[in-house]
Amino acid sequence: MKQKQPLKVLNTRPAPKGIELEQNLTAAGFDVISYCPYSIVAVETLESERFSINIALGLDEFTDIIITSHFAADHGLDFLMNYWPQWPETRWWSIGAATAHTMSSYNIDAIKPDQSRSANSETLLQSLQQCWAEHEEMNAPDRAPNVLVIAGKHGRGLIQKELDQLGISTSTLEVYERQKNQLPCPSDAFDAVILTSTEAAEDIIQSHENLIKSDKMCSFICASERIAEVVRNTGATKVVNSGSAKNQILIECLQHTLVATQ
């Protein structure tokens, strides 16, 4: 009896989580090819720009500090700890559990949005506003919210835009950026593609159009509805929102989806 070929999966998650995801997928019996359209690197001028230095020196002036990803936590806190051997007393917010875990390695106990809901900017904003409403002292002129957002370059900027519309004083420290991968996207025929960012989704689809047009259409496992919508807009039909960027949930969603199509 001919042995069944393992299902082929394209893993587009960047390192370091992408390495762990590849290992787990391989252990689960998938044929994995890893390719991320970009790499994450620290902003080279962070330690020399007067703006970022002033932010670091005045860290204790912020009532709330928001970190938008584990990349922002790693690169931002590594920079800021040069100025603060002991962190100032302020509220530290993480976008989700993974970011909070990274922050804990820097001895920061972060506030996380409601974990029963999706970890995204919208949920964090709601939690932030609820916190302010519950603390009457925040209405005093000398305690009005002053927010620092630590993020990557060219992100959504949703948090900053919303806070600006609310009249909240907000600063942004951009600590990392994406660099384009010069290697071409693999041209294999895949049974599934795992996507954890809109940037990866847009790049993969543009450079690998046969994934959408082929008769044997592959499944797209997307870490959020926003990513899934980007893929659906190309005409793809086998698009699944895992509801989470956690590696284990992505794998479980992948297994369920591919079993259902066999």
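Structure: see above.
Residues numbered from 1 in each chain as written. Predicted model: local features only at pLDDT ≥ 70, side-chain atom pairs only at ≥ 80, totals over all residues. Heavy atoms only, no water.

Section: the packing of helix α3 (residues 70–80) against helix α4 (residues 97–104)
1) Next: Where α3 meets α4, the axes come as close as 8 Å, and the angle between the chain directions of the two elements is 20°. Taken together, the axes of α3 and α4 lie roughly parallel to each other. As for the relative orientation of α3 and α4, their crossing is right-handed in sense. Each of H70, A73, D74 and L77 in α3 lies in contact with α4, whose residues at this interface are A98, T99, T102 and M103. (Axes fitted to C-alpha atoms, helices over the stretch in contact; angles between N-to-C directions. Helix = DSSP H or I, 4+ residues; strand = E, 2+ residues; numbered from the N terminus. Parallel < 35°, antiparallel > 145°, perpendicular 65-115°, else oblique. Left-handed = near helix turned anticlockwise from the far one by under 90°. Contact = heavy atoms within 4.5 Å.)

Regarding the pairing of strand β4 (residues 64–67)
For a regular strand, side chains alternate in direction, first toward one face of the sheet and then toward the other.
1) Next: On β4, burial covers both faces: D64 and I66 on one face and I65 and I67 on the other are all buried.
2) Next: With 4 bridges connecting them, β4 and strand β5 (residues 91–94) associate as parallel partners. Bridge pairing links I66 to W93 in β5.
3) Next: Handedness of the crossover joining β4 and β5 through α3: right-handed. (Buried < 20%, exposed > 50% of the residue type's maximum accessible area, 1.4 Å probe, protein only. Pairing = 2+ DSSP bridges. Right-handed = clockwise from strand over helix to strand, strands pointing away.)

Notes on the packing of aromatic side chains
The geometry of an aromatic ring pair is captured by two quantities: the separation of the ring centres and the angle between the planes.
1) Next: Inspection of the entire model under this criterion finds 3 aromatic pairs.
2) Next: With a centroid separation of 5.5 Å and an interplanar angle of 65°, the aromatic rings of F79 and Y83 are classed as edge-to-face.
3) Next: According to the relative accessible area criterion, Y83 is partly exposed, its value standing at 29%. (Phe/Tyr/Trp six-rings, centres within 6.5 Å; stacked < 30°, edge-to-face > 60°.)

Quick notes on the pattern of salt bridges
1) Next: Across all of its chains, the model carries 6 salt bridges by this definition.
2) Next: Here R91 and D64 are joined by a salt bridge, their closest N and O atoms 2.7 Å apart. With R91 in strand β5 and D64 in strand β4, this pair connects stretches of sequence that are 27 residues apart. Residues R91 and D64 agree in their burial class; the two are buried.
3) Next: Residues D203 and K180 are paired through a salt bridge, measuring 2.2 Å at the closest nitrogen-oxygen approach. Of this pair, D203 sits in helix α7 (residues 198–207) while K180 sits in strand β7 (residues 169–180); the two residues are 23 residues apart in sequence, bridging distant segments of the chain.
4) Next: Accessibility expressed as a relative area gives 14% for D203, which makes it buried.
5) Next: One continuous salt-bridge network, built from bridges that share partners, spans E225, E229 and R232. (Salt bridge = Lys/Arg side-chain N within 4 Å of Asp/Glu carboxyl O.)

Side note on the sheet that holds strand β3 (residues 38–42)
1) Next: Taken in spatial order, the 5 strands make up an open sheet running β3-β7-β6-β4-β5, and their pairing is mixed. At either margin of the open sheet sits one strand with a lone partner, and together these are β3 and β5. Adjacent strand axes in the sheet meet at a mean angle of 20° when their direction is disregarded.
2) Next: Examined bridge by bridge, β4 and strand β6 (residues 146–152) share 4 bridges and lie parallel to one another.

Digging into the packing of α7 against helix α9 (residues 225–232)
1) Next: Between α7 and α9, the least distance of the axes is 9 Å, while the angle of their chain directions is 15°. For the element pair α7 / α9, the angle class is roughly parallel. Judged by the twist between their axes, the crossing of α7 over α9 is right-handed. Contacts from T198, A201, E202 and I205 of α7 reach α9 at R226, I227, V230 and V231.
2) Next: Considering only residue class, the contact of α7 with α9 consists of 5 nonpolar, 1 polar and 2 charged. (Nonpolar A, V, L, I, M, F, W, Y, C, P; charged D, E, K, R; others polar.)

A word on the side chain of N146
1) Next: Counting through the fold element by element, N146 comes out in strand β6.
2) Next: A relative accessible area of 17% places N146 in the buried class.
3) Next: A polar side-chain atom of N146 sits 3.1 Å from a polar atom in the side chain of S169.
4) Next: Ignoring anything within four residues of it in the chain, the contact list for N146 reads E61, F62, T63, D64 and S169. (Polar contact = N/O pair within 3.5 Å; in protein donor to acceptor, adjacent residues only side chain to side chain.)

Observations regarding the environment of G18
1) Next: Structurally, the position occupied by G18 is in helix α1 (residues 17–27).
2) Next: Take G18: its relative accessible area is 4%, and that puts it in the buried class.
3) Next: Those residues within four positions of G18 in sequence are excluded, and the remaining contacts are N11 and R13.

Side note on α9
1) Next: Of all the residues in α9, the buried ones are I227, A228 and V231. All buried residues of α9 project into a common sector of 100° when viewed along the axis, lining one side.
2) Next: For α9, the elements touching its buried residues are β8 (192–195), α7, β9 (219–222) and β10 (239–241). (Arc of directions from axis to C-beta.)

No statement about biological role is implied by the geometric values presented.
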